[in-house]
Amino acid sequence: MTSKKNATKRKHVTLTISEKVEIIKKLDKGASVKSLCEVYGVGLSTIYDIRKQREKLFKFCAESDTVEGISERRTLHSAKSADHDGVLYEWFRQHRSKGLPVSGTMLMEKAKEFHTDLRISSACEYSQGWLQKFKHRHGIHLKATGKQLLADRKAVECYVTEFAKLMKDEGLSLEQIYNADETDVFWRCLPRSTLAGAEGTVVRNRKESKERLTVLTCANAAGTHKCKLLVVGKSAKPCALKGMKIMPVLYEANKWSCVTQEIVSNWFHHHFVPEARAHSQKIGLAADCKIVLLLDNYSAHPPVEQLDADNVFPTYLPTSCASLIQPMDHGITKAMKSHYRNSFLRRLVNSYNTGGVDAFKKAVNIEDAILCLANAWNGVTRRTLQNAWHKLCPASMLNDEDAVENIEGFNVNKAKAADLLCYAKQMQSVDLDKQDIVTWLNGEDDAPGVQQATDSEIIEIVLEPKSEDIGNSKTEDNFSNEINVEEGINLASRFIRFLEQQSFISHQDVMHVHRIQEKLIKKQLNHKKQMRLQQMFDEVGKSCACTPSKSPSPIPSTSRLNETKEPELTALAVNYHPLSSMPLQTISARKQCME
């Protein structure tokens, strides 16, 4: 008896979080519990317990920033201080994004500093054991040194050669190759040297806003297709976006304001693949043509296995050379940010006399930022998109002289700065320094416009309230009163009259607003017709309820409908029985009887 028990005794197995998620997905697809027990070597109770943890597991995966976070971890235990853990990881993420080396000793020392800054009462020894748990929790590897983080130019040459061979062997055109990448946009940030108020006092090196949006941009090598922007904010339902049913971007949210594997996977399957397929068919390619999406090895990008679509192949650039050949890093995101900052600063100049910089920064909200980002993305030219691929696909280069140097670059931004200065002078509002504006428009995240966050600013970013629109002029009360169709038609009429009085507005622009107004008018007519039909049914029902019936099948009175001018509606109302789910006769049959 004892030998039989030993022979059938199952070996203890501890599943990873990734395996637990796989089990839940297989259960959803109809897999039996018994078959899963055999595959994973666990008991029935383990499968049932995993199913009970469904919400917790999916939530953890959504908030995990790394593949290792779910592929190696086996428990859902979190840090003792979630705030401390979040602040430290944000500090690590920012240093790594700048290519700066981070060692274990540096992490432990920085953890002690944040422990003091956050005034955590409980004691904690930030030892090697704590470090291992922190690295395991976030899937961090600290093997790379500063030299190892530098891009390998020889690897670039090898990859470019292999990529050219791939395009030739598979018969891929520039229309079928895409690149996607994320970038941070500090959407309330202004130049360092600006006027603080209407009194004209200049404040230099003022503390800049660190409110961040993460923006995912994606476009093909031909420059003919720009995918809809994906914007990730901190608040899932900002007050400023309440009531908006149509948005020019895709909006997601999490507490870190950054992309996660779940967000990227959802974007890939539900937005990128359909958009790329639609574009391919539009230009005459086969409906099932091959499409390649290039991504870097950012930890929030899911494994290739999770991005599974028919004839759509995601591929990762080598870590050692991604910074040198990734197209989005060679002028595309820089051009978009330049357009955004130009639009943002123009809004400041336009509204400056109403209260100065501080009042403007309080009034502007995330809706304004999203609209400016959408316009900025639309403003990125095809020439910019094509020439950004010049290192990876030299065939995509245009033949314009000095194309790479002048595409949305320093010369272009000097013209934008001159235009802004002229506009500010006409508005008689803010005094701007030309060199400061050029540097700000032309700068990346390490320029004076947006500097690397300090420790105190990192704490503010992580611990600030989720409701990021506090203090905005557009509150929930403003959005509770929706504009009805009739008001929309009247507003469109006034807007058309305004446009017709402007010399710089084209006839096509006016007609575009006219077409929108026509849609509103048709919507209103359909709504009124439905309302009149419902009103007639209500009147017939009331008359039937008030009139005593002697026959088993009463015919409702039509005395109140004699004045209607729509015979079809009258016929329908006459044949409507209040206790029946449908008319007794159809409108067409009734019309024949009337004839």
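Treat the numbers as computed from the prediction; the structure is a model and nothing was measured.

Thresholds, definitions, all that
Residues numbered from 1 in each chain as written. Predicted model: local features only at pLDDT ≥ 70, side-chain atom pairs only at ≥ 80, totals over all residues. Heavy atoms only, no water. Axes fitted to C-alpha atoms, helices over the stretch in contact; angles between N-to-C directions. Helix = DSSP H or I, 4+ residues; strand = E, 2+ residues; numbered from the N terminus. Parallel < 35°, antiparallel > 145°, perpendicular 65-115°, else oblique. Contact = heavy atoms within 4.5 Å. Nonpolar A, V, L, I, M, F, W, Y, C, P; charged D, E, K, R; others polar. Pairing = 2+ DSSP bridges. Core = buried A, V, L, I, M, F, W, Y, C linked by side-chain atoms within 4.5 Å. Buried < 20%, exposed > 50% of the residue type's maximum accessible area, 1.4 Å probe, protein only. Salt bridge = Lys/Arg side-chain N within 4 Å of Asp/Glu carboxyl O. Phe/Tyr/Trp six-rings, centres within 6.5 Å; stacked < 30°, edge-to-face > 60°.

Undergrad: Explanation requested: the packing of helix α2 (residues 17-28) against helix α4 (residues 44-52) in the structure shown.
TA: For any two helices packed against each other, one specifies the crossing angle of their axes together with the interaxial distance. Relative to each other, α2 and α4 sit at 90°, their axes nearing to 10 Å. When the axes of α2 and α4 are compared, the pair comes out roughly perpendicular. Seen from α2, the contacting residues are K20, I23, I24 and L27; seen from α4, they are I47, I50 and R51. Along the lines of polarity and charge, the residues of the contact of α2 with α4 split into five nonpolar, no polar and two charged.

Undergrad: What exactly am I supposed to notice about the sheet that holds strand β8 (residues 312-316) here?
TA: Two pairing modes exist for strands in a sheet, parallel and antiparallel, and in both the strands are linked by backbone hydrogen bonds. One open sheet accounts for six strands, arranged β6-β5-β4-β1-β7-β8; its pairing is mixed. At either end of the open sheet lies a strand with only one pairing partner, and these are β6 (250-253) and β8. Between one strand axis and the next, the sheet turns through 25° on average, direction left out of account. Judged from the nine bridges that link them, strand β1 (residues 177-186) and strand β4 (residues 212-220) form a sheet pairing that is antiparallel. Across the sheet, residue F186 finds its bridge partner in β4, namely R212.

Undergrad: How do you make sense of the nonpolar core when you look at a structure like this?
TA: Counting 53 residues, the largest nonpolar core has L294, I325, Y340 and L392 as the members making the most contacts within it. Contributions of two or more residues to this core are made by α11 (153-170), β1, β4, β7 (291-295), α13 (322-325), α14 (332-350) and α16 (366-379). At eight residues, the largest contribution of residues to this core is made by α16. Here Y340 is in contact with V185, W187, A369, C372, L373 and A376, once residues within four sequence places are set aside.

Undergrad: I'm lost on the pattern of salt bridges in this one. Help?
TA: Opposite charge on two side chains permits them to pair, given that their charged atoms come into close proximity. If you walk through the whole model with that rule in mind, you get six salt bridges. The partner of D28 in a salt bridge is R54, with the nearest N and O atoms 3.0 Å apart. Placement of D28 in helix α2 and of R54 in helix α5 (residues 54-63) is noted, with a sequence separation of 26 residues between them. The closest approach of N and O atoms between E211 and R188, which form a salt bridge, is 2.4 Å. Within this pair, whereas E211 is found in the loop between β3 (202-203) and β4, its partner R188 is found in the loop between β1 and β2 (194-195), the two being separated by 23 residues in sequence. Here the two residues E211 and R188 agree in accessibility, since each one is buried.

Undergrad: Which parts of the structure should I look at to understand the packing of aromatic side chains?
TA: Any aromatic ring pair is given by two values, namely how distant the centres are and how the planes are angled relative to each other. Following the criterion strictly, the structure yields nine aromatic pairs and no others. Both rings, one in Y159 and one in F163, keep their centres 6.2 Å apart while their planes meet at 20°; by these two values the pair is stacked. Remark: F163 and Y159 occur in helix α11; sequence separation between them is four residues, near one turn of the helix. Relative to F498, the ring of F495 has its centre 6.4 Å away and its plane inclined at 15°; by these criteria the two rings are stacked. With F495 and F498 both in helix α23 (residues 485-500) and three residues apart, the pair spans about one turn of that helix. Taking relative accessible area as the criterion, F495 reaches 40% and is therefore assigned partly exposed. You can call F498 partly exposed: its relative accessible area is 44%. Taken together through their ring pairs, the aromatic side chains of Y178, W267, F268 and F272 make up a single cluster.

Undergrad: What is the right way to look at the pairing of β7 in this model?
TA: When a strand is regular, its side chains alternate between the sheet's two faces. Across the five residues that make up β7, a large majority, five, are buried. Neither face of β7 is left uncovered, since the one carrying I291, L293 and L295 and the one carrying V292 and L294 both have all their residues buried. As paired strands, β7 and β8 are joined by five bridges and run parallel to one another. If you follow I291 over to β8, its bridge partner there is V312.

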